[in-house]
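Remarks on the overall topology
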Amino acid sequence: MSTVSEISADSELREVADQMSTQARTFLSTTSQVAGGGFPGAELSLLILATSDLLAAGARLAAIVDVVPVQRFEPDAGRETDVDPLRVALAQMFDGFDDYVEVVDPVLGTELGQASLSGDLACVTEEIAKGLQHFDDGHELEGLWWWQFSYLSSWGERASSALRLLQSVLTHLRLDVEADVAAEAEYDALHS
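It should be emphasised that the depicted structure is a prediction, and the values quoted were computed from it without experimental measurement.

Points about the confidence of the model for the protein
For the protein, per-residue confidence averages 87 on the pLDDT scale, and residues scoring 70 or more make up 86% of the total. This stretch, residues 1–6, has a pLDDT under 50; its non-local contacts, to residues over four places away or in other chains, come to 13 contacts.

Okay, structure coming up:
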């Protein structure tokens, strides 16, 4: 187990914390800019990149031993991030494919549940922002603990679900074509 003073001395923990804070900032910035209409036409691709990179950082959190703060309580990180405006903006942007069905827990059964892409991204945003507040307040170990705990308990799963849906939507947009258009393209490819 690491202590607050040990995170500075432990180069591996320091590296994981620094990488996680970088990916958290990138994810938060990209998601906010996309929700604000900052990247028309590139929204899905940018969210796929930001979410994939964040999940890669999260995988490192899962691969290290449990981070446990010395003081077995979480210091107040201040005001919670209000994700409702983000959720609403994303829901409007994703109108038509925001809501989806998923298997609730594929390990325990086949029960289906409702989810939404905007809700998933808002959940991830809220959890990541809370860890970043700790990190930026100088409570680096608490930030790392929060990112690890919430990756395992919520944001890792929500980000994975969001990524799968984003990729599916992008696949449909790029590959679903009318049969006659596909046949013509195939004919042109074979005869060129």
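So much for the structure itself; the text now carries on.
Quick look at the packing of aromatic side chains
The relation between two aromatic rings is expressed through the spacing of the ring centres and the mutual angle of the planes. Applying the stated criterion across every chain, the model contains six aromatic pairs. With 5.6 Å between their ring centres and 10° between their planes, Trp145 and Phe149 make a pair best called stacked. Placement of both Trp145 and Phe149 in helix 6 (residues 140–175) is noted, with a separation of four residues, approximately one turn of the helix. When its relative accessible area of 23% is taken as the criterion, Trp145 is described as partly exposed. Residue class for Phe149 comes out partly exposed when judged on its relative accessible area of 41%. An aromatic cluster is defined as three or more aromatic residues linked by ring pairs; in this entry it consists of Trp145, Trp146 and Phe149. One residue, Lys130, lies across the ring of Trp146, its end atom 4.1 Å from the ring centre.

Let's talk about the packing of helix 2 (residues 11–35) against helix 4 (residues 84–93)
Two numbers describe how helix 2 lies on helix 4: the axes approach to 9 Å, and their chain directions differ by 55°. One way to sum up the angle between helix 2 and helix 4 is to call them oblique. Seen along the crossing, helix 2 lies across helix 4 with a hand that is left-handed. Each of Thr31, Ser32, Val34 and Ala35 in helix 2 lies in contact with helix 4, whose residues at this interface are Leu86, Ala89, Leu90 and Met93. Residue composition of the contact of helix 2 with helix 4, grouped by class: six nonpolar, two polar and no charged.

About the criteria used
Residues numbered from 1 in each chain as written. Predicted model: local features only at pLDDT ≥ 70, side-chain atom pairs only at ≥ 80, totals over all residues. Heavy atoms only, no water. pLDDT = per-residue confidence, 0-100. Contact = heavy atoms within 4.5 Å. Phe/Tyr/Trp six-rings, centres within 6.5 Å; stacked < 30°, edge-to-face > 60°. Helix = DSSP H or I, 4+ residues; strand = E, 2+ residues; numbered from the N terminus. Buried < 20%, exposed > 50% of the residue type's maximum accessible area, 1.4 Å probe, protein only. Lys NZ or Arg CZ within 6 Å of the ring centre and 35° of its normal. Axes fitted to C-alpha atoms, helices over the stretch in contact; angles between N-to-C directions. Parallel < 35°, antiparallel > 145°, perpendicular 65-115°, else oblique. Left-handed = near helix turned anticlockwise from the far one by under 90°. Nonpolar A, V, L, I, M, F, W, Y, C, P; charged D, E, K, R; others polar.

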